[in-house]
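# What the coordinates show
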Amino acid sequence: MSLPGTVDAADQRAAKPASAQSAGGPEAARALSERLANLTSLKDRLRAVTEAIPGRVTFSTSLGIEDQAVLHGIAKAAPEIDVFTLDTGRHFPETLQTLEDSENVYGLKIRVMFPDAKEVEDLVARDGIFGFRNAVANRKACCDIRKVRPLNRAVAGAKGWITGLRREQSVGRAEVPFASWDVEHELIKINPIADWTLEQLESFVADNAIPINELHAKGFPSIGCQPCTRAIRPGEDVRAGRWWWEAKENGQECGLHSGPASINPQAAATATETLAPRQ
Ligand code: SF4
């Protein structure tokens, strides 16, 4: 219920014209993707998302540099968007510090989702504390319990899910659309910085004094759980430091973004980004 004299997010959504009250689905996602492609600023894109999608829109942040840029945009342009992160129990201390710094800088709360304690206990009893190193199946089971299942709980009931994916990040992300219909979660998945280059991203972060994980300056362009992330060497792929002991064909993904194919065939297929570690 709103306080007297205030208009909350639900009131604002109720006041939208019927044409803006999209029910979701592939066609709504396609229309939103085209609309976002015609906008250039992150703030305009985020406002367009909340205008187009009635109901809860949620943002999953890993607290990496891409997600920090999106968080900045949300705080400045669309604070009604729900923000959550997944605490796997295996994060770097620097990642948790980024979480607290972000809440302090932007004056918002980030929902922290934890894995089910019994599922973690059973997994560790079966595979061992570092069992994910012994087999790809073990690793995927760990990511499923510590990441995928908590994420599924976090997005349940949401109509839109925002991520910080960029096409340059890896071959597997080269065709990430601005928006697509996520069949599994029955919502529109939105990637508002899909077309950003690394240079754009770094300029945006510097220009806006956005707090970022200090590990980025120590050779970690992509930061996941501590035992599954290492710094990369000059010339290595951005995601080479994730599960580096596994064969490349396993995709270096944890299952969070293994949704349906893009519905935006115009999404640019850009080359895999290789870069030197940020020093
Ligand atoms: S990244 Fe490693 S520690 Fe984290 S959930 Fe996946 S396998 Fe487990």
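Residues numbered from 1 in each chain as written. Predicted model: local features only at pLDDT ≥ 70, side-chain atom pairs only at ≥ 80, totals over all residues.

## Side note on the packing of helix α4 (residues 65-77) against helix α8 (residues 198-207)
How two helices pack is summed up by the angle between their axes together with the distance between the axes. Relative to each other, α4 and α8 sit at 55 degrees, their axes nearing to 10 Å. Here α8 runs oblique to α4, going by the angle between their axes. Two packed elements cross with a definite hand, and for α4 against α8 that hand is left-handed. Two secondary-structure elements touch here, α4 through Ile65, Glu66, Gln68 and Ala69 and α8 through Leu201, Phe204 and Val205. When grouped by side-chain class, the residues that make up the contact of α4 with α8 number five nonpolar, one polar and one charged. (Axes fitted to C-alpha atoms, helices over the stretch in contact; angles between N-to-C directions. Helix = DSSP H or I, 4+ residues; strand = E, 2+ residues; numbered from the N terminus. Parallel < 35°, antiparallel > 145°, perpendicular 65-115°, else oblique. Left-handed = near helix turned anticlockwise from the far one by under 90°. Contact = placed C-beta atoms within 7 Å. Nonpolar A, V, L, I, M, F, W, Y, C, P; charged D, E, K, R; others polar.)

## Some points on the site of the ligand
Cys142, Cys143, Arg146, Cys225 and Cys228 are the nearest of the 13 residues found near the ligand. Classifying every residue of the shell around the ligand gives seven nonpolar, two polar and four charged. (Near = placed C-beta within 6 Å.)

## Topic: the confidence of the model for the protein chain
A residue-level look at the protein chain finds 82% of positions with pLDDT of 70 or above and a mean pLDDT of 85. Confidence drops under a pLDDT of 50 for residues 1-22, and excluding neighbours within four residues, the segment shows 15 contacts in the predicted structure. Of the regions scoring below 50 in pLDDT, residues 259-279 engages in 59 contacts with residues more than four places distant in sequence or in other chains. (pLDDT = per-residue confidence, 0-100.)

## Some thoughts on helix α7 (residues 136-155)
Remark: the principal bend of α7, roughly 45 degrees, maps to Asp144. Taken residue by residue, α7 has Arg139, Cys142, Cys143, Arg146, Lys147, Pro150, Leu151 and Val155 as its buried positions. Check the buried side of α7 and you find it contacts β1 (57-60), β2 (82-86), β3 (111-113), α6 (117-127), β4 (160-162) and β6 (187-190). One or two positions beyond α7, positive phi appears at Gly157, with a value near 90 degrees. (Bend = angle between axes of the 7 residues up to and from the residue. Buried ≥ 20, exposed ≤ 12 C-beta atoms within 10 Å, placed from the backbone.)

## Description of α6
Burial analysis of α6 places just one of its 11 residues in the buried class, a small minority of the element. Residue Gly128 follows α6 closely and has a positive phi angle near 95 degrees.

## Comments concerning the sheet that holds β2
If you trace the six strands from one edge of the open sheet to the other, you get β3-β2-β1-β4-β6-β5, paired in mixed fashion. Two strands lie at the open edges of the sheet, namely β3 and β5 (179-182), each paired on one side alone. Here the strands of the sheet are splayed against their neighbours by 30 degrees on average, with no regard to which way each runs. In this sheet, β3 lies alongside β2 in parallel orientation, the contact comprising three bridges. (Pairing = 2+ DSSP bridges.)

## Re the pairing of β5
Bridge count between β5 and β6: four bridges; the pairing is antiparallel. Opposite Trp181, over in β6, you have Ile188 as the bridge partner. Hairpin connection from β5 to β6: four residues lie between these consecutive antiparallel strands, with Glu186 at a positive phi of about 55 degrees.

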